[in-house]
Amino acid sequence: MWGLVRLLLAWLGGWGCMGRLAAPARAWAGSRGHPGPALLRTRRSWVWNQFFVIEEYAGPEPVLIGKLHSDVDRGEGRTKYLLTGEGAGTVFVIDEATGNIHVTKSLDREEKAQYVLLAQAVDRASNRPLEPPSEFIIKVQDINDNPPVFPLGPYHATVPEMSNVGTSVIQVTAHDADDPSYGNSAKLVYTVLDGLPFFSVDPQTGVVRTAIPNMDRETQEEFLVVIQAKDMGGHMGGLSGSTTVTVTLSDVNDNPPKFPQSLYQFSVVETAGPGTLVGRLRAQDPDLGDNALMAYSILDGEGSEAFSISTDPQGRDGLLTVRKPLDFESRRSYSFRVEATNTLIDPAYLRRGPFKDVASVHVAVQDAPEPPAFTQAAYHLTVPENKAPGTLVGQISAADLDSPASPIRYSILPHSDPERCFSIQPEAGTIHTAAPLDREARVWHNLTVLATELGWSWGPERGWVPPLIAKWSAPAAPPQRSPVGSPVGIPQDSSAQASRVQVAIQTLDENDNAPQLAEPYDTFVCDSAAPGQLIQVIRALDRDEVGNSSYVSFQGPLGPDANFTVRDNRDGSASLLLPSRPAPPRHAPYLVPIELWDWGQPALSSTATVTVSVCRCQPDGSVASCWPEAHLSAAGLGTGALLAIITCVGALLALVVLFVALRRQKQEALMVLEEEDVRENIITYDDEGGGEEDTEAFDITALQNPDGAAPPAPGPPARRDVLPRARVSRQPRPPGPADVAQLLALRLREADEDPSVPPYDSVQVYGYEGRGSSCGSLSSLGSGSEAGGAPGPAEPLDDWGPLFRTLAELYGAKEPPAP
């Protein structure tokens, strides 16, 4: 607390001021821990001569900024001053004897504004504190050494066009690093350097505002404004900084649409279908985005019936399209008005309206070669069935709208009449039958008739030359001329101009089918049945159309000897009844004839037969036994079941035969392979011999050749790995020994020494080895004989050393003595 009071007094002292503060000595002595009452004395206080240092001071170093002095210091040199805290010993140094404080380097207030230090006086000899430590502050005094800066610049802002004067655009803010609490170093004033007279800035707040009204984006869209901030309150000598503000005028709907021309003329071919684009109309609107979107409409009813207009996806162009089919012969031009209107209108700018414009449109319909037009969209014709070929069915008519007198040729597309049931007269278009028709086979025939226009080259008067003058080729004589001297047309084939129409021909019914039973009837009756019992309901079928006959009538056998009665139900069915006198039982079934006839014109009839068997029945009415025919039909196996059983048995037999044939074919294939494959060197036997003592396994006489084996040739053995150059004639064999072992050894030696056969025990025989190596080869290929065919002397292989001992043994070298 005492230190703070002394610091306050020092602040009030300034340059050259001395402040003193007395404190009871007892209190300080108590702090040292001396017991008992202490005498009170006056404490000496610190004296500071300076507490401020100017930043960026460029004077001689070190610079004296203050002095510490204590009343205890009597000038005897026993007092030592100490300085600790921020920057002590580096930035600030103290003279231990005098207490003078110096600064050793230039200071920057913007880096550090003040330093907190701790001063103390101690005894030089014992370092005993003479005064308690006291804290003081050295402040760095600011100077105007930092210009204003705009940390967020450059700026971009947007303001609507046509804004009122004073409309806020943006606020710019500059910062000055100098001390705002000391002088005017950080007091800023804003001004506009560039951008007048369009914009202004508030000197204190930096808010940029519009300075003139009705700024038009279409005239100038972007402005560059330069703003300056100057410290020292804007006075001379202050530092300044500047930034740029790019101001963009945003668009508003302040311009109505305007057609660049008052009349638009278009043309369209009469064959253009609905939705065909006729042309584009664009009203100019200098606005942007949604403010330039427009909607188009046709004002006159005359044009709206034949044409429609819509806006393209971008909302700028009007698309004029065909609404309904056009006809050059009926109307050749249309005139109407089109209006373009902005879809978004700002009420604030209605005074600049109206936001719409009108233009006139004239559309000319162009004539085009049109295909022939049929008098009906579809034709429905009828013809009775069973009519003779050539019967007239109906007539198809078409005309050329461009030239009604132009000839038309008719034809039936083949795919619509694959059975060739109809034909058409090419010039008249009359359709006739080409074959008798049957309604029960096919009721409707859907034909496609093609009408082809045979075009003509027309003169100015659109006259034409009849087919009698020229038949689809250039005439030999000069073309005829009309009365005014202009050449008339020459006929030309224009088969591309064709049209189609659907012709539905219905075959009318005639009574040409007699009624028949709906199905074959095979029934039975119990021998104990009562007279009048219903046996079977019989139904009839008439393939003719229902309207040709109302119903089918039935009639059974008549007379007193009739075994069954047929009752006509008059609804296309009849009931088969048991008469009052029962039918006598018999082995064969009864065949009941029934006559059927219709009521057509003329009436047709037929006779059918119903099979009835008489059976023995149980009390409940079920069949107990019946005659073989009836039993087989009612309760036994039918013909279909028997056929199914026979088919299954036949299929099984076929599978067995196929299996046996496959096995036999496989065995024959294996036998052929075993006999023809001569490349195999290993023969496998299924039995094993009994050894040398087995004399029953083979015939020993087959091994004994009375000729015997030839004695071995003198000289070294022949080479076995190359083919001999000269074939050695086989010598007659002397009689061989009877001993089997000797005979086998003899045969083996003979086979080994035979030079006329290749070595079958080797995998591959090479008759030639490549040359070109200067070191030679260890292989024996080609070294078995010389040019004359006689074998050369054997090389001393035993001289090659122990590593080639086996090779020397194989090629006739003498075996070394046993060790």
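Conventions adopted
Residues numbered from 1 in each chain as written. Predicted model: local features only at pLDDT ≥ 70, side-chain atom pairs only at ≥ 80, totals over all residues. Heavy atoms only, no water. Helix = DSSP H or I, 4+ residues; strand = E, 2+ residues; numbered from the N terminus. Buried < 20%, exposed > 50% of the residue type's maximum accessible area, 1.4 Å probe, protein only. Contact = heavy atoms within 4.5 Å. Areas by Shrake-Rupley, 256 points an atom, 1.4 Å probe, with all protein chains shown as cover. Core = buried A, V, L, I, M, F, W, Y, C linked by side-chain atoms within 4.5 Å. Expected span 1.5 Å × (residues − 1). Arc of directions from axis to C-beta. Disulfide = S-S within 2.5 Å. Pairing = 2+ DSSP bridges. Axes fitted to C-alpha atoms, helices over the stretch in contact; angles between N-to-C directions. Salt bridge = Lys/Arg side-chain N within 4 Å of Asp/Glu carboxyl O. Polar contact = N/O pair within 3.5 Å; in protein donor to acceptor, adjacent residues only side chain to side chain. Phe/Tyr/Trp six-rings, centres within 6.5 Å; stacked < 30°, edge-to-face > 60°. Lys NZ or Arg CZ within 6 Å of the ring centre and 35° of its normal.

Things to note about the overall build of the chain
- Summing up its helical and strand segments, the chain has seven helices and 39 strands in all.
- Looking at the chain as a whole, 33% of its 819 residues qualify as buried.
- In the chain, the proportion of contacts linking residues at least 24 apart, taken out of those at least 6 apart, comes to 67%.
- Of the roughly 50200 Å² of accessible surface on the chain, 56% is carried by carbon and sulfur atoms.

Here's the deal with the nonpolar core
- Judged by nonpolar contacts, the single largest core of 26 residues is most densely connected at Leu281, Phe307, Leu320, Phe336, Val361 and Val363.
- In this structure, Phe307 is in contact with Val268, Val278, Ile298, Leu320, Thr321, Val322, Arg323, Leu326, Tyr334, Phe336 and Val363, ignoring residues within four places of it in sequence.

Digging into helix H6 (residues 740-752)
- With 13 residues, H6 should cover 18 Å at 1.5 Å per step; its first-to-last C-alpha distance of 18 Å lies within 8% of that length.
- Listing the buried residues of H6 in full gives Leu743, Leu746 and Glu750. Take H6 and look down its axis: the buried residues cluster within an arc of 65°, on one side only. When the buried face of H6 is taken as reference, the exposed residues oriented beyond 90 degrees from it are Ala741 and Leu748.

A few points about unusual backbone geometry
- Across the junction of Gly153 and Pro154, the peptide omega takes the value -5°, indicating a cis bond.
- Looking at the element boundaries, Pro154 is found in the loop between strand S7 (134-141) and strand S8 (155-160).
- At the junction of Leu196 and Pro197, the peptide bond is cis and its omega measures out at 5° in the coordinates.
- Notably, Asn127 is not glycine yet its phi reads approximately 60°, a positive angle.
- By secondary structure assignment, the location of Asn127 is in the loop between strand S6 (114-123) and S7.

Remarks on the state of the cysteines
- All told, the structure shown has one disulfide when counted by the stated rule.
- One disulfide in the model links Cys526 with Cys617; its S-S distance is 1.9 Å. Negative torsions about the S-S bond denote left-handed disulfides, and the value of about -90° found for Cys526 with Cys617 makes this one left-handed. Residue Cys526 is found in strand S32 (residues 522-526), and its partner Cys617 is found in strand S38 (residues 605-617); the two are separated by 91 residues along the sequence.

Details of the sheet that holds strand S1 (residues 52-54)
- Reading across the sheet, the four strands line up as S1-S7-S6-S3 and stay open at both edges, with mixed pairing between neighbours. In this open sheet, the two strands that pair with only one neighbour each are S1 and strand S3 (79-85). Strand-to-strand twist of the sheet, defined as the mean angle between neighbouring strand axes without regard to direction, takes the value 30°.
- Where S1 meets S7, three bridges bridge the pair, whose relative direction is parallel. In the strand pairing of S7, Ile54 is matched with Gln141.

Brief notes about the pairing of strand S20 (residues 333-342)
- Bridging between strand S17 (residues 294-298) and S20 involves five bridges; their strand directions are antiparallel. Looking at the pairing, Tyr296 lines up with Ala340 of S20.
- Sheet topology note: the S20/strand S21 (residues 356-366) ladder contains nine bridges and is antiparallel. Across the sheet, the residue bridging to Thr341 is Lys356, located in S21.

Some words on the pattern of salt bridges
- Summed over all chains, the structure comprises 12 salt bridges.
- Across the pair Asp251 and Arg217 runs a salt bridge, and its minimum N-O distance is 3.0 Å. Remark: Arg217 occurs in the loop between strand S12 (207-210) and strand S13 (222-230) and Asp251 occurs in the loop between strand S14 (240-250) and strand S15 (263-269); sequence separation between them is 34 residues.
- Residue Asp251 is classed as buried on the basis of its relative accessible area, which comes to 17%.
- Take Arg217: its relative accessible area is 8%, and that puts it in the buried class.
- Note that Asp300 is salt-bridged to Arg337, the shortest N-O span being 3.9 Å. Residue Asp300 is located in the loop between S17 and helix H3 (301-306), and its partner Arg337 is located in strand S20; the two are separated by 37 residues in the primary sequence.
- The class for Asp300 is partly exposed, based on a relative accessible area of 25%.
- A cluster of three or more residues bridged by salt bridges with shared partners is formed by Glu76, Arg78 and Asp123.

Points about the side chain of Glu440
- For Glu440, the location among the structural elements is in the loop between strand S28 (430-433) and strand S29 (444-453).
- Residue Glu440 is classed as buried on the basis of its relative accessible area, which comes to 17%.
- A distance of 3.4 Å separates a polar atom in the side chain of Glu440 from a polar atom in the side chain of Arg439.

Things to note about the packing of aromatic side chains
- What the rule picks out here adds up to 11 aromatic pairs.
- Each ring, one from Phe150 and one from Tyr190, has its centre 6.3 Å from the other, and the planes form 55°; the classification is tilted. Here Tyr190 lies in strand S10 (residues 189-194) and Phe150 lies in the loop between S7 and S8, a separation of 40 residues in the sequence. For the pair shown, Phe150 and Tyr190 are each scored as buried.
- Three or more aromatic residues joined by ring pairs form one cluster here, namely Phe259, Tyr264, Phe266 and Tyr296.
- Between the NZ or CZ atom of Lys112 and the centre of the ring of Tyr115, over which it lies, the distance is 5.4 Å.

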